[in-house]
Amino acid sequence: LRTTLLVMALASGLAALGLTIQNTGETGLIVHEWGTFTSIAGKDGLALDWRPLAATNDLPGFIHHMAAPSTASGLRHNCQKCDLTGKIRMETPVLYFYTDRDTDVTVRVDFPKGTITEWYPSVRTVGSSIDWGRVAVLPHATANLPVETGPNRYYAARETDAALVRVCNTNGRPTEFEKFLFYRGVGGFDPPVSVKLDGNRLQFAGLGGIAQVVVFENHDGNVGFRVVVTEADSATIERPVLGDSLPALLAVLQQTLVSQGLYEKEAKAMLETWRDSWFEDGLRVFYILPRRMTDSVLPITIGPQPTQLVRVLVSRIEIITPEMENAIRAELNQLDDPSPEVRAAAQTALRQHGRFAEPVVERVLRGDNDTTHADLAETIWG
């Protein structure tokens, strides 16, 4: 107490002279990040190359992106960036900032084995890295954040207690505010885990350092999941039996995210952001990427160095099932039907597989050595 009073008295005396004591200890700045790495497992269990942006954009119109529209047609929807191929779709990493005072920080994330494709607010430089330059963290400020009519998963990430951030654009654009720093990208690296479907079993390799995996399946709204604690580098896991409760899985995932260091509201925001995508029809695997790999794949530089930096990246692996292959094969067989209505219905059905349609079609065609439908299928993608 005596020491505290002496420091306060000294600070008061210095303030009267127009001087301040510089805090050389911890900054009090807390930074939390979450995001998703999405990949597609091939028949050998390794990640396929695909065009993860070859589908309708799911972001609001005010989000900045790497390229202007082109004159292409088809599933890529007039989008130059949609030709970008990779093994990983880095989806919606967001950086939250917490502090009790207005603080200026510099923020840069490198992506040496990938390309940044979307971001908000504006940045100083972007490419194989993203640099926001100086960012003002404003815990007591308010602002009208950009919003468009209609629902969008992007807005769910705002439902936290994080401070407002302000970025002053150096390219003549207005100052932009948000509750986080947002970015996305496409990467060319392999995820650490491979997953091969063999009958009703999933064969895993590369599990070293991963605490648990979640296997999830949805078939026409009937869901099943398995949560498996891993100890060895490899494992064989039975395909889930359908009939489970989705709320039960959400509770497990939220608990897992919180155990990794996220605040409860952040975990809820992440699950709400990806609720319509993580749990759609299909078979997929989730696990938390080891922190050492996150830091290796996405080196981050924040100045001043935060007192706490939490980074929770979820790896999502899509498994191509025999049922999916058979459905797409049937749709492909209808692309050369003499009836325009049948052909149109087949194209619509293929598009409903979304961004995963193209790699699955290519896999089916390669597996069947089928060149009959290759040109017709290409008209779907553009």
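Procedures and definitions
- Residues numbered from 1 in each chain as written.
- Predicted model: local features only at pLDDT ≥ 70, side-chain atom pairs only at ≥ 80, totals over all residues.
- Heavy atoms only, no water.
- Pairing = 2+ DSSP bridges.
- Helix = DSSP H or I, 4+ residues; strand = E, 2+ residues; numbered from the N terminus.
- Core = buried A, V, L, I, M, F, W, Y, C linked by side-chain atoms within 4.5 Å.
- Buried < 20%, exposed > 50% of the residue type's maximum accessible area, 1.4 Å probe, protein only.
- Contact = heavy atoms within 4.5 Å.
- Salt bridge = Lys/Arg side-chain N within 4 Å of Asp/Glu carboxyl O.
- Axes fitted to C-alpha atoms, helices over the stretch in contact; angles between N-to-C directions.
- Phe/Tyr/Trp six-rings, centres within 6.5 Å; stacked < 30°, edge-to-face > 60°.
- Parallel < 35°, antiparallel > 145°, perpendicular 65-115°, else oblique.
- Left-handed = near helix turned anticlockwise from the far one by under 90°.
- Nonpolar A, V, L, I, M, F, W, Y, C, P; charged D, E, K, R; others polar.
- Bend = angle between axes of the 7 residues up to and from the residue.
- pLDDT = per-residue confidence, 0-100.

Let's talk about the pairing of strand β11 (residues 194-198)
Examined bridge by bridge, β11 and strand β12 (residues 201-205) share 5 bridges and lie antiparallel to one another. Pairing of Val-195 across the sheet is with Phe-204, part of β12.

Notes on the nonpolar core
Generally speaking, nonpolar side chains in soluble globular proteins are found buried as a group. Counting residues in each nonpolar core, the largest one holds 46 residues, and the members touching the most others are Leu-95, Phe-97, Trp-132 and Tyr-183. Trp-132 has contacts with Leu-95, Val-107, Val-109, Tyr-120, Pro-121, Ser-122, Val-123, Arg-124, Val-167, Leu-181, Phe-182 and Tyr-183, leaving out every residue within four places of it along the chain. In this structure, Tyr-155, Leu-250, Ala-269 and Val-310 belong to the second largest nonpolar core, which totals 35 residues.

Quick look at the pattern of salt bridges
Applying the stated criterion across every chain, the model contains 21 salt bridges. The partner of Glu-118 in a salt bridge is Arg-89, and the shortest N-O contact between them spans 3.0 Å. Here Glu-118, found in strand β5 (residues 114-120), pairs with Arg-89, found in strand β3 (residues 88-98); they are 29 residues apart in sequence, far enough to count as distant. The two residues Glu-118 and Arg-89 agree in class, both being buried. The closest approach of N and O atoms between Arg-158 and Glu-178, which form a salt bridge, is 2.9 Å. With a gap of 20 residues between them, Arg-158 in the loop between β7 (129-138) and β8 (164-167) and Glu-178 in strand β9 (residues 176-178) connect regions that are remote in the sequence.

Remarks on the sheet that holds β12
Taken in spatial order, the 3 strands line up as β11-β12-β15 in an open sheet, and their pairing is antiparallel. With one partner strand each, in any of the chains shown, β11 and β15 (234-238) form the two edges of the open sheet. Mean inter-strand twist for the sheet, computed between neighbouring axes without regard to direction, equals 20 degrees.

Remarks on the packing of aromatic side chains
Applying the stated criterion to the full structure yields 14 aromatic pairs. Arranged with centres 5.5 Å apart and planes meeting at 65 degrees, the rings of Tyr-154 and Phe-180 form a pair that is edge-to-face. With a gap of 26 residues between them, Tyr-154 in the loop between β7 and β8 and Phe-180 in the loop between β9 and β10 (181-187) connect regions that are remote in the sequence. A relative accessible area of 3% means that Tyr-154 is categorised as buried. On the basis of relative accessible area, Phe-180 is assigned to the buried category, the value being 0%.

Some thoughts on the sheet that holds strand β18 (residues 308-319)
Taken together, 9 strands build an open sheet; the order of strands is β2-β5-β10-β3-β1-β18-β16-β13-β14 and the sheet is mixed. Of all strands in the sheet, those bounded by a partner on one side alone are β2 (64-65) and β14 (222-229). Sheet topology note: the strand β16 (residues 282-288)/β18 ladder contains 6 bridges and is antiparallel. When the bridges of β18 are listed, Val-285 appears paired with Ile-317.

Some thoughts on the packing of helix α2 (residues 246-259) against helix α3 (residues 264-278)
Contact pair α2 / α3: the axes reach a minimum separation of 9 Å and the direction vectors enclose 135 degrees. In terms of orientation, α2 lies oblique with respect to α3. Along this stretch, α2 crosses α3, giving a crossing that reads as right-handed. Residues Leu-246, Leu-250, Leu-253, Gln-254, Leu-257 and Val-258 of α2 pack against Glu-264, Ala-267, Lys-268, Met-270, Leu-271, Arg-275 and Trp-278 of α3. Of the residues contributing to the contact of α2 with α3, the split by class is 9 nonpolar, 1 polar and 3 charged.

As for α3
Residue Glu-272 marks the point of greatest curvature in α3, where the axis turns by about 30 degrees. Glu-266, Ala-267, Ala-269, Met-270, Leu-271, Thr-273, Trp-274, Ser-277 and Trp-278 are the residues of α3 that are buried.

Observations concerning the packing of helix α5 (residues 322-333) against helix α6 (residues 340-351)
Running from N to C, α5 and α6 cross one another at 150 degrees; their axes reach a closest spacing of 8 Å. The orientation of α5 with respect to α6, classified from their angle, is roughly antiparallel. Read as a crossing pair, α5 and α6 show a hand that is left-handed. Along its contact with α5, which presents Ile-328, Glu-331 and Leu-332, the element α6 presents Ala-346, Ala-349 and Leu-350. Split by residue class, the contact of α5 with α6 holds 5 nonpolar, no polar and 1 charged.

Here we look at unusual backbone geometry
Of all residues except glycine, most have a negative phi; of all peptide bonds, most are trans. With omega at -5 degrees, the peptide bond leading from Tyr-120 into Pro-121 counts as cis. In the Ramachandran plot, Thr-92 falls in the positive-phi region, its phi being about 50 degrees despite a non-glycine side chain. Tracing the chain through its elements places Thr-92 in strand β3.

Considering the confidence of the model for the chain
Looking at the chain, the pLDDT average stands at 85 and 83% of residues meet or exceed 70. The element-level mean pLDDT for the chain is lowest in helix α1 (residues 2-16), coming to 45, with strand β17 (residues 300-303) highest at 98. Below a pLDDT of 50 lies the segment residues 1-12, which in the model reaches 2 contacts outside its immediate sequence neighbourhood of four places, other chains included. Between residues 14-25, whose pLDDT stays under 50, and residues either more than four places distant or in other chains, the model counts 4 contacts.

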